[in-house]
Structures are given as structure tokens and as C-alpha cells.
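# Tertiary structure, described
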Amino acid sequence: MPPKSRSYQVSATPVTMLAHLIVVAVATLVLVWLLHFEEGFAFKSLNKIKILNVHTFLMIVGFILVAGEAIMAYKTIPAKRKVQKAVHLTLHLIALVAGVVGVYAAFKFKHEIEDKDMVTLHSWLGMITICLFGLQWVLGFFSFVFPRAEMSARTSYMPWHVFGGTFIFFLAICTAQTGLIQRFYSLNQEGLIMNFTGLLLVLFAVGVGLSSVLPRGY
């Protein structure tokens, strides 16, 4: 009898490792962009662009990158499911706090330059994203952590939790792209850094998505 054919399976491990490398690359590019070309960060400054930089940094590094790491925690952390869940929950909470502070920085920037709030597609997508993210975290906490729903209810809700988390994450990526477009002026050194940041965020989204659906390597 001919030998049984082995199905070809791609492990999540190399994809997850690549996504981690992209996290480092994006964080580095954002820091170089904001510190070297945009004069750094500040919540209070005569140079109002520094306040906007706080928003940009927190939303990309603190919100998107940390949220992506939270999604990949089940493939990254070599520990029991309970530990993975705790890391997943904690990283999402950190991302939520960073996102809320980042949104506050955006409103503060608009207020101090006496400009109107919530008039661009970026602002609309951003507000939808942060509200859905907060709702997703609260529902997940009460369903899976405390007081925890019945097993049948958790089983029924889990696919929606996974779908909702994935959708919100990709919505955050789209929001970041519109924000980068708003801050783009010309294809100089700064413009190249911004463009590469946008491209790497797309690759990061692909990596996170694949990591969440592929089987873990052993």
C-alpha cells in the first residue's frame, strides 16, 4: 500500500516571530519620525504638534502594536491556557488605556489650536474603534474572567469574541492609515518613514491574522 500522504500545514511560529520583528521595526520608525522630524512629545507645549505626537505614538505603539501582541499571546506565551488568557487580558487593558489617553491627546490638540473635532474620516473611524474595543474588553472580561458566564454561553460567544477582536484590530489598522495620510506632506525622508510605517502596519495586520488562525508549532 502507498504511504499515507501528509497534509501540508504551516505553523504559526514563524509568522508570529516575523510579527514580533515588525513590532520592533514599527516602534523604531515611529520614534525616529516623531523625535527626529517632529520635535518629540509633550502634553503641554507652545509647539502644539508635540501634543499631536503623543496621540500618534500612543495609538500606533501603545494601542495597535500592544493589541496585536495581545491577540498573538496564545501563540507566543509557552504556558498554560490560564496564563495565556491573563497576558491576553492584561495587554488588551494596556492597549485600551493607551488608546483612551491617545484619543484625549487628539481632542486636546484640536482644542488648543482652536480647530473643530470629529470632522474627518480618521476621527470617525478612530472613535468607532476605541468604543468597540472598550465594549469588546468589557464583554470579554465579564464573560470569561469574572463572574464568568455558563460554559454553554461562553462556547456560543467565543466565535463572536474572536471575530469582533479581529474586526476591531483591522479597523484600527485602517484608522492608522488614514491618520498617516493626514500627516503626510511630501516624499522626503520623513515621508518615506511614514510610508514604510504604513506598509509595515499592513504586514503586521497580516501576521497577527495568520498567527491567530494557524496551529501552534511544537
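Residues numbered from 1 in each chain as written. Predicted model: local features only at pLDDT ≥ 70, side-chain atom pairs only at ≥ 80, totals over all residues. Heavy atoms only, no water.

## Here's the deal with the pattern of salt bridges
Put simply, the rule is: For this document, the term salt bridge refers to a Lys or Arg side-chain nitrogen within 4 Å of an Asp or Glu carboxyl oxygen. Helical segments are the DSSP runs of H or I of at least four residues, strand segments are the runs of E of at least two, and each set is numbered from the N terminus. In this scheme, a residue with accessible area under 20% of its type's maximum is buried, one over 50% is exposed, and one in between is partly exposed, where area comes from a 1.4 Å probe on protein chains only.
This structure, assessed with the given rule, holds 4 salt bridges. Among the ionic pairs, Arg 183 bridges to Glu 38, the shortest N-O distance being 3.5 Å. A residue pair is termed long-range when its members are at least 10 positions apart, and Arg 183 in the loop between helix H6 (151-182) and helix H7 (189-213) and Glu 38 in the loop between helix H1 (12-37) and helix H2 (49-71) qualify at 145 residues. Among the ionic pairs, Glu 112 bridges to Lys 48, the shortest N-O distance being 2.6 Å. Remark: Lys 48 occurs in the loop between H1 and H2 and Glu 112 occurs in helix H4 (residues 81-112); sequence separation between them is 64 residues. On the accessibility criterion, Glu 112 (28% relative accessible area) is partly exposed.

## Some words on the UniProt feature "domain: Cytochrome b561" (unreviewed entry) in the protein
Selection rule: UniProt positions are given in the numbering used here, feature names are shortened, and annotations may be inferred rather than shown by experiment.
The UniProt record annotates "domain: Cytochrome b561" (unreviewed entry) at residues 18-213. Within the segment residues 18-213, helix and strand shares are 82% and 0% respectively, and the terminal C-alpha atoms sit 15 Å apart.

## Here's the deal with the UniProt feature "transmembrane region" (unreviewed entry) in the protein
UniProt records the feature "transmembrane region" (unreviewed entry) at residues 12-34, 54-74, 86-107, 127-146, 158-180 and 192-214, using the numbering of this structure. Along residues 12-34 one finds 100% helix and 0% strand; the C-alpha atoms at either end are 33 Å apart.

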